[in-house]
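A structural walkthrough
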Amino acid sequence: MRKRCKINVKTMLPIVACGYLLILTFHTQLQAAPSFLQIRTNIAQRDTIPAKAISDSSRKKTDSLNQKKINDSLVNRTDTLRISKDSIDAPINYSAVDSGVLIIDTREFILYGKAKTNYKDLQMEAATIRYDQESQMVKAYGSLDSTGNPLSKPQLIQGETKSVSDSILFNLKTAKGVIKNTFFQEGEIYVNAQILKKISADEAFASKARFTTCNLDTPHFAFRASRMKIINNKMGISSAAFPEFEGVPMPIGIPFGIFPLYRGPQSGFIAPAFTASEDFGLGLEGIGYYHIFNDYLDLTTRANLYSYGGYMVNFNSRFLKRYKFTSNINLTIQNSRILNRGGISKEEFNRTRSFMINWSHTRDGRARPGTSFSANVNFGSTRFNQLLLNNPVQNFQNQLNSSISYTKDWRGKYNLSLNANHSQNNNTRLVNLSLPTMNFNVVTFYPFQKKDQVGSGKWYEKIGIGYSGNVLNQLSFYDTAFNIRRMLDTLQWGAQHNIPITLSLPSLGPITIAPSISFEERWYGQRIFRNWNDAAKRVDTTIQRGFYTARQMAFGVSMNTRIFGTYTLKSKDEKTIRHEVRPNISFSYRPDMAAKYFYDTQVDTTGRRLRFSQFDGGVIPGFSEGSFGGIGFGIDNLLEMKLKDKSDSTGKATRKVKLIDGFGFNSSYNLLADSFALGNFNFYARSTLFNKINITAGMNLDPYEVDAQGYRLKQLAFDVKKLKFGRITSGNLAVSTSFSSKAKDGSDENGKDIPIDPFMTPDEQQRQLQFAQANPAEFTDFNIPWSVSLSYSLNFTRILKPDFSGFKTETFSTVSFNGDFSLTDKWKLGGTGGFDVGNRKLEQLSMFITREMHCWQLSINVTPIGLYRSFNITINPKSGILRDLRINRSRVFSNSRF
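Let me begin by describing the structure that accompanies this report.

Across 15 bridges, the pairing between strand 48 (residues 786-800) and strand 49 (residues 807-822) is antiparallel. Residue Ser787 lies in a different strand from strand 49, and its bridge partner there is Asp820. Joining the antiparallel neighbours strand 48 and strand 49 is a turn of six residues, in which Phe804 adopts a positive phi near 60°. Sheet analysis places strand 49 next to strand 50 (residues 827-836), joined by nine bridges and oriented antiparallel. Bridge assignment links Ser822 to a residue of strand 50, and that residue is Lys828. In sequence, strand 49 turns back onto strand 50 through a hairpin of four residues.

Okay, a nonpolar patch on the surface next. Taken together, the side chains of Ile499, Ile501, Ile517, Phe555, Tyr589, Tyr669, Leu671 and Leu672 present a nonpolar region at the surface, about 690 Å² in accessible area. Structurally, Ile501 can be placed in strand 32 (residues 492-503). The class for Ile501 is partly exposed, based on a relative accessible area of 31%.

What follows deals with the environment of Arg429. Checked against the element boundaries, Arg429 lands in the loop between strand 29 (414-425) and strand 30 (430-445). With relative accessibility at 28%, the residue Arg429 sits in the partly exposed group. For the pair Arg429 and Arg383, spaced 46 residues apart in the sequence, the C-alpha separation amounts to 8.8 Å. Those residues in contact with Arg429 that lie beyond four places of it in its chain are Thr382, Arg383, Phe477, Tyr478, Asp479 and Thr480.

By the secondary structure assignment, Thr182 is in strand 12 (residues 177-186). Within the structure, Thr182 has its side chain in polar contact with the side chain of Ser165 (distance 2.9 Å). Setting aside anything within four residues of it in sequence, one finds Thr182 in contact with Ser163, Val164, Ser165, Val191, Asn192, Ala193 and Leu196.

Here strand 9 (residues 155-158) shows a clear split, with Leu156 and Gln158 buried on one side and none of Gln155 and Ile157 buried on the other. Pairing analysis gives four bridges linking strand 5 (residues 122-132) to strand 9, with the strands arranged antiparallel. Residue Gln123 lies in a different strand from strand 9, and its bridge partner there is Ile157. Sheet topology places strand 9 next to strand 10 (residues 161-164); four bridges connect them, and they run antiparallel. Considered in strand 10, the bridge of Gln158 is made with Thr161.

How each quantity is defined
Along each chain, the written sequence defines residue order, and numbers are assigned to residues from 1. For this predicted model, a pLDDT threshold of at least 70 governs which residues receive local features, and a threshold of 80 or more governs which side-chain atom pairs are given and counted, while totals over whole chains, interfaces and linings are taken from all residues. The basis for every side-chain value is the complete set of non-hydrogen atoms in the structure, without hydrogens or water. Two strands are said to pair when DSSP picks up at least two bridges between them. Here a helix means four or more residues in a row that DSSP labels H or I, a strand means two or more in a row labelled E, and each is numbered from the N terminus. In this analysis, a patch consists of residues with relative accessible area above 30% that form no salt bridge, clustered at 9 Å for like charges and at 5 Å for the nonpolar side chains Val, Leu, Ile, Met, Phe, Trp and Tyr. Areas reported here follow the Shrake-Rupley algorithm with a probe of radius 1.4 Å; residue values treat only the protein chains shown as occluding. Counted as salt bridges are all cases of a side-chain nitrogen of Lys or Arg within 4 Å of a carboxyl oxygen of Asp or Glu. Categorising residues by exposure relies on relative accessible area from a 1.4 Å probe, with only protein chains included: less than 20% of the type maximum marks a residue as buried, more than 50% marks it as exposed, and the intermediate range marks it as partly exposed. Between two residues, a contact is recorded if the distance between any of their heavy atoms is within 4.5 Å. A 3.5 Å cut-off defines polar contacts: any pair of N or O atoms within that distance qualifies, except that in protein one atom must be a possible hydrogen donor and the other a possible acceptor, and neighbouring residues in sequence count only when both atoms are side-chain atoms.

Written out as C-alpha cells, the structure is:
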C-alpha cells in the first residue's frame, strides 16, 4: 500500500519536511537519498495523518530501534555519506493554490491548482505539476473551467524563451522533453507547433509548425511548415514553407527557410529594393553586405545598380570604443550614366562621376581629460547631391561644411585650439579650405593681486590682463578647374593679437561701471590695390605678397543698470504686467592708426572715387579708418505677465507668461567725426507667443540719405511728419509654430520620435534624419490624430555691385510646411514641402499615405514636385527580422535635363 503525505501548500513557501512519518519510513535510505530531503515544505499546524494510525507499542519499538541505528551510524560511519544518482543539483521552490501530495513509495510529488515551480533558470506554471524524482521527469497539465474552456495552461520559461502548451513532459537533468500544441516566442518569431521535441537546452525540433512575427493568437499572417529546427539565439531552419494570410493559405511557397534569431548585430547580406527611372533605367538599390570584424569595428557595403550602366557604391564603417571614442567614415562613389533627353549633346547617355566623403569622430572627454578631438567632414563633388535618387531633401542641399578640431586646456589658465574648416557651395562650385586655424588664449589674470588676500583689496589689485591670438590660412578653388598651382596662388594667411586690460570696480548702487583698454595687432600676408584702367574702362586689382602689419588701440568705459516697473490691470484675474528695462552706455576713444593703409580710386566713368583699405578682401579684415571718440548706447527690454494659475485649487498660485523675450536697439555717435557721426541702428526682437509661435526679427537702419546709385550722402534721413527715420539696409524675420492634437492614450508625447542610438555619431544621426524626411510614411505615429508645423523666413540685404555701379538688394523668402492627419484609425495622410516666395514657386512637395496593419505596414510616398518626381509603394512586416520580406514598387522621373 502506498504511503501518502498530503500537504496544505501555501503560496511560494519552500519545502522543509514531511513530518515524523517521512523520517520513520526512509530511515534506511538516509544515506542514499539526502538530496531528496532538500525538497523542503511548510506543513500546516494541523497534521493531515491521524496519530492513532500508529500504535504506541510499534512507535516505541521503532523509535528505540531507529535511535540505536542512528547513533551507531553517527559514531562509526560518519564518512560513508553518498549522493544518490537520482538526486537533483539545486533546490526547487514551488507553490500551489490547492495542495501538494507526496507519494513516498514512488518518490513522486504532485502540486494541484495553479502550481508554480522554480528550478535554476527554469520556471513552470500549470494547473497540475507532477515530479518523479527517480526519473527526474516533470509532467505538467492544464485544466478546464466549468464551461469547458482551457484554464491554467502549462507555461515553461527557460532563459528568454517562454512557451504555453497543452501538456509538458520535461527531464530536469538532460533538458530533453516533449511538448504538445505549444506556443512560444524566440526573439521576434512566434511559433506554434503541434509537437515540439527538445533535445537539449538550446535545440528543439517542431512538427506541423506555424511561425510568424504577429503577436496575436490568430495571426494576420504566418508561414506553415511540416518540420522545423530551432537553435536558441542562432537560427530557425524549416522545410518547405507556405505563407497564409488571415488563415487562407497561398499557393506560392519557398523550398526551405532560414530565419536568423541572433540577439545583437550579426554579419549578413542586405536585400535590395527594385526601382525604375527614365533617366537611370531599371535598378536594384541597397544590395550589399554587413560585416562585423570585432566588437569595435564593422563595415556596411551597399550598391545601386542600374540597367543603363550607372552604379553607386557606398562603404560605411563605424569604429567605437566605449569611454574612448566613436568614429564613422562613409565613402560613396557614383558613376552615373543618364539618358540624354535634352537634345543638346549627340551622345545617347551623359556620364558623370562624383563622390562624397563623410567622416565624423568624437573622443570621450574621459579618455584624456584636458584635451578633446572631434571631426565632422563632408566633402565631395558639387553635383553629388543633385544626382541622388529618392532623396528630395538632400537634392536641395547646396552647402557643404566640414570641421576638424583639437583643443587643450592647461588647468583653466591657458587654452589652445587647432581647427581645419571647409566650406563648399554646390551652385557656384567654389571650395574654400581654412587650414590650419590656430587660437591661443590666456584667461584674464590679476598680476597685482596678492596670493593670500584679506578683505576687498586695493583698486589696482583688480586690474586684469588677458591675451587672445589666432592664425588663419585659406585656400580656394573651383572643383571644375582644379589645379595645384592655381590653388596655391589663392593662398592667404593672417594673424591677429589682442591684449585686453580691464578693471573691476564695485557697483555704484544699481549702476555697474567697467573701464577697459585694449591693444590689437594684425599680420597680413598680402596687400590689394585697385586702380582704374582707362583703356578697358574697369577697375584692375593687383596683389602684393609679403609680410605687413597694422595696429589699433582703444580706451573705454561702460555702464549698465536694470530698471523694473509693474502695472496691474483691472480684471478679475488681477493680471500684472512686469517691464524690465536694461539700458547701457559706453564712452570710448580710438585713435586713427590705420589712415596710412587707405587710398582713393576711381571706380566708374563718371569719375566717382571710393576709398579702400590695402587689406580688404583678406582672411582678416583691415581696421576702419578715422578716429572715434564717442558714445555707444542701447536699450534692452523684457515684458512678461503674471496670471493666476487656474490649475491650483487654492487660487493663490500664480504663473508667469513671457510676452516679449527681448526687444531693443543699439547704436553709437562719434563726437570726433566731421560727417556720418551717427552710427547705424540695430533693432531686434524675439518672442514666443502663447508658448506656440516663435518669432525672431531684426533690422539695420541707416540714418543717412543716398544718391540715385545708392551711395551715402551727408544728410540725415529723418522726417517725423512722414514717419521717416532712416533707411533699412538689411533685415531678417523668422516665424515658426507647430500644433498637434492630444494623444489618444492621454500621454504627453508630441509625435513619434525617430529612434536614435546614443552611440551613433552626429553624421549617422543626420543621415537617419534625412532618411526619415525622405520616407515619412515609415515614421508615422497613429497615436497623434493630426499635427501641423509651419515656418517662414525672410532675409534681405543691400550689397555693392561687382562693378561698383551701385547697390542691389538680395532677398530670400521661403515658407516650409509639414503635417499629417488621420483619415481613420488606420489610415493617415500627410505631406511636407517648401515654397519660394521670391520666385513664387513651389520648390519641393512630398506626400505620403500609410496604412496601419498591426504587424504589417503599407506606405506610399509621392514626390510630384522637385528635382525628381517619384512615387514609391511598399508593403512590409514591421518586424526587423522580416524587413527584407517586402513588396516594393518605385518609379523616378526627372525634371532636369542633364
